[in-house]
Amino acid sequence: MKKRFIFHIDVNSAYLSWEASHRLQRGDSLDLRTVPSAIGGDPETRHGIILAKSIPAKKFKIQTGETLYSARNKCPDLLIVSPNYNLYRQCSMALKEVIQEYSPLIQQYSVDEFFLDFTGMEKLLGDPMQTSYLIKDKIKEKLGFTVNIGISSNKLLAKMASELQKPDKVHTLFPEEIPSKMWPLPVEELFGVGRATLRKFRDRGIRTIGDLASENPDDLKRYLKSYGLLLWNYAHGRDNSPVRYNNSIPVKGIGNSTTIPFDVEDESAAHLVLLSLAETVGMRLREDDYCTSLISISLKTKDFFYYSHQKKLHLPTDCTSVIHQIACQLLAELWQGEPIRHLGLRVSELSSNNLFQPSLFEKDIEKQKRIDQAVDTIRLKYGAQSVFRSAFLGSGLKPLSGGVIETEEYPMMSSIL
Amino acid sequence: MKIYMQPIESMVWFNREGIPHPLRYRILTEDDAYKTIKINHVLFREEEKVAGNRMLLFRCQGEINGVLKVFELKYELSTCRWYLYKI
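Just so it is clear, the model here is predicted, and its values are computed rather than measured.

Before going further, it helps to spend a moment on the pattern of salt bridges. Residues and elements named next belong to chain A. Evaluation of the coordinates by the stated rule reveals 25 salt bridges over all chains. Here Glu66 ties to Lys74 by a salt bridge, and the two come within 3.1 Å at their closest N and O atoms. A salt bridge links Glu163 to Lys159; the nearest nitrogen and oxygen atoms lie 4.0 Å apart. Connected via shared salt-bridge partners are Glu113, Lys159, Glu163 and Lys166.

This is the structure in structure tokens:
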């Protein structure tokens with residue numbers, strides 16, 4: 001088979017670089033990338049964690065995901081900037097435009113990551129290495145931020161390669177380079193190894209990716225099931241996932257969650273939050289032409305305890321009110337009355353909505369369906385805030401919630417390559 | 001040149017291809033008075049797309065307080081705003 005060339009293009013500290021180059025363009029004299037700085041949520045609405053940090057901030061051991069409070073303790077002069085998701089989407093689209101010029105087959109893996117299949121393109125554009133430098137420099141020159149490009153023969157290795165050394169670098173990680181470049185790395189650097197798996201590996205003395213590669217796959221299967229085998233293959237650099245155009249992974253579930261600016265203690269406010277989530281989830285469900293037969297809610301209390309609860313439906317539905325009604329039932333069964341910080345609503349077991357089996361014993365939902373349809377159309381045409389339920393008037397809660405930019409699609413990370 | 005990035009009011013003509021040609025601009029000075037500057041000559045025009053935001057940059061020449069000066073104007077396409085970028 002012909003040798004594949006896959007590029008993985010990753011923006012260096014994306015949110016921060018984007019903010020920095022945006023500010024420079026607008027005449028700011030300070031480049032955020034040269035001082036200890038970070039993009040962090042708004043502590044007022046309790047979204048107070050670090051989302052991205054500059055390289056000078058990294059020297060203070062500031063980590064993505066830690067609270068602003070602890071970051072400020074480590075570095076009192078840390079410059080914290082609020083996130084601007086519309087800017088990030090705009091940067092992401094500009095990046096996509098540049099990358100598209102180099103291959104017809106690209107995959108947007110997240111807001112700041114792209115895969116590009118260069119296989120066969122070398123006949124048109126020449127050496128892959130040279131082209132990757134060209135792409136990197138063009139992005140830097142035209143868009144004002146730096147990227148790392150990883151090159152290999154599959155997506156996994158390309159992704160691992162782009163993580164090697166930052167910023168503004170091109171790395172290769174072809175299968176023959178695995179023992180020298182990938183195996184000495186700590187095992188948590190491997191794609192797919194998170195907190196939970198890391199603990200299991202540590203208990204068994206697996207510290208580097210090389211240690212994992214030399215394990216017996218049957219042993220791994222014993223305590224990690226099929227996932228162990230997958231990780232073992234990853235440690236050997238084996239992956240055959242295609243570069244998916246349009247990121248076409250079939251949807252298994254749709255969910256939204258929100259951190260509420262205040263602790264919710266009364267039932268009616270909790271129901272309103274669930275309704276605002278049901279609105280978003282319902283709209284997304286209907287947009288993709290699905291019905292759901294499994295509804296689950298999750299809640300996080302003020303003390304960061306996390307519970308969840310789910311219910312199977314006899315009749316698949318795509319109706320906002322039905323979803324909300326069941327979510328409220330679930331809440332009643334789950335909630336002990338502790339102050340709630342975070343609520344989530346998720347629907348799964350999706351089925352197509354073009355055939356529908358009505359039930360003799362349930363309410364006629366035809367009218368409700370028509371209302372949902374009308375509301376969706378109005379919102380599509382005049383904006384998401386154009387029509388909302390009067391229950392939200394004066395409640396201080398948003399009529400639709402969840403999602404990074406409310407009611408708009410925002411490319412999120414995925415664990416599937 | 002020093003970066004100012006001050007919003008300005010401007011008079012511009014657009015040709016049939018949609019390319020703007022700045023003619024004059026006015027800026028609010030510190031003592032709250034308007035000062036109008038005529039653009040004698042556009043030296044060059046450049047498009048930039050930093051952080052995905054399209055802007056047109058004009059290096060211009062004009063008379064300011066009796067002295068011929070070079071300055072740069074910026075036009076932000078997404079907001080249709082003009083700025084005095086550098087002088």
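Residues and elements named next belong to chain A. In this structure, Pro167 follows Lys166 across a cis peptide bond, with omega equal to -5°. Relative to the assigned elements, Pro167 resides in the loop between α7 (155–162) and β8 (170–172). The phi dihedral of Asp168 is positive, around 60°, even though this residue is not glycine. Looking at the secondary structure, you find Asp168 in the loop between α7 and β8. Phi at Asp289 takes a positive value of approximately 60°, unusual for a residue other than glycine. Along the chain, Asp289 falls in the loop between α12 (267–287) and β10 (290–301). On the basis of relative accessibility, which here comes to 45%, the residue Asp289 falls in the partly exposed class.

All right, on to the interface of chain B and chain A then. Contacts between the two partners involve 13 residues from chain B and, on the opposite side, 16 residues from chain A. Of the roughly 1100 Å² buried at the junction of chain B and chain A (both faces included), carbon and sulfur atoms supply 49%. Contact with chain A buries surface across chain B, with Lys49, Val50 and Ala51 of chain B losing the most and accounting together for 52% of the total. At the junction of chain B and chain A, the tally comes to two salt bridges. Where Glu76 of chain B meets Arg26 of chain A, a salt bridge forms, and the shortest distance between an N and an O atom there is 2.9 Å. Connecting chain B to chain A are nine residue pairs in polar contact (both at pLDDT 80 or more). Those elements giving two or more residues to the side of chain B that touches chain A turn out to be β1 (3–14), β5 (67–76) and β6 (81–86) of chain B.

Another point: helix α6 (residues 128–143) of chain A. Residues and elements named next belong to chain A. With 16 residues, α6 should cover 22 Å at 1.5 Å per step; its first-to-last C-alpha distance of 22 Å lies within 8% of that length. Listed in full, the buried residues belonging to α6 are Pro128, Thr131, Ser132, Ile135, Lys136, Ile139 and Leu143. Taken around the axis of α6, the buried residues stretch over an arc of 140°, which confines them to a single face. Residues of α6 that are exposed and angled more than 90 degrees away from the buried face: Gln130, Leu134 and Glu141. Remark: Gly144 follows α6 within two positions and exhibits a positive phi of approximately 80°.

Next up on the list: the side chain of Asp239 of chain A. All names here are of chain A. Note that Asp239 resides in the loop between α11 (217–235) and β9 (253–264). One buried charged residue, Asp239, forms no salt bridge at all, with the nearest opposite charge on Arg4 at 6.3 Å. Here Leu156 takes part through its backbone nitrogen, which lies 3.1 Å from a polar atom of the side chain of Asp239. Apart from the residues lying within four places of it in its own chain, the contact partners of Asp239 are Asn154, Lys155, Leu156, Tyr234 and Leu417.

Quick look at the environment of Leu230 of chain A now. Residue and element names in this part refer to chain A. Topologically, Leu230 is positioned in helix α11. The class of Leu230 is partly exposed, set by a relative accessible area of 35%. With 196 residues separating them in the primary sequence, Leu230 and Thr34 have C-alpha atoms 40 Å apart.

This paragraph deals with the packing of aromatic side chains. Residues and elements named next belong to chain A. Taken as a whole, this structure holds 14 aromatic pairs over all chains when the rule is applied. For the pair Tyr15 and Tyr88, a centre-to-centre distance of 4.0 Å together with 10° between the ring planes defines the contact as stacked. In this pair, Tyr15 is assigned in helix α1 (residues 14–25) and Tyr88 in helix α4 (residues 85–100), connecting sequence segments 73 residues apart. On the accessibility criterion, Tyr88 (0% relative accessible area) is buried. Geometrically, the ring pair formed by Trp18 and Phe145 is edge-to-face, given 5.8 Å between the ring centres and 75° between the ring planes. On the criterion of sequence distance, the pair formed by Trp18 in helix α1 and Phe145 in the loop between α6 and β7 (147–152) is long-range, its members being 127 residues apart. By relative accessible area, which is 0% here, Trp18 ends up buried. Chaining the aromatic ring pairs together yields one cluster made of Tyr15, Trp18, Tyr85, Tyr88 and Phe145.

Cut-offs applied
Residues numbered from 1 in each chain as written. Chains lettered and ligands numbered in written order. Predicted model: local features only at pLDDT ≥ 70, side-chain atom pairs only at ≥ 80, totals over all residues. Heavy atoms only, no water. Salt bridge = Lys/Arg side-chain N within 4 Å of Asp/Glu carboxyl O. Helix = DSSP H or I, 4+ residues; strand = E, 2+ residues; numbered from the N terminus. Buried < 20%, exposed > 50% of the residue type's maximum accessible area, 1.4 Å probe, protein only. Contact = heavy atoms within 4.5 Å. Buried area = accessible area lost by both parts, 1.4 Å probe. Polar contact = N/O pair within 3.5 Å; in protein donor to acceptor, adjacent residues only side chain to side chain. Expected span 1.5 Å × (residues − 1). Arc of directions from axis to C-beta. Lys, Arg positive; Asp, Glu negative; His and termini not counted. Phe/Tyr/Trp six-rings, centres within 6.5 Å; stacked < 30°, edge-to-face > 60°.

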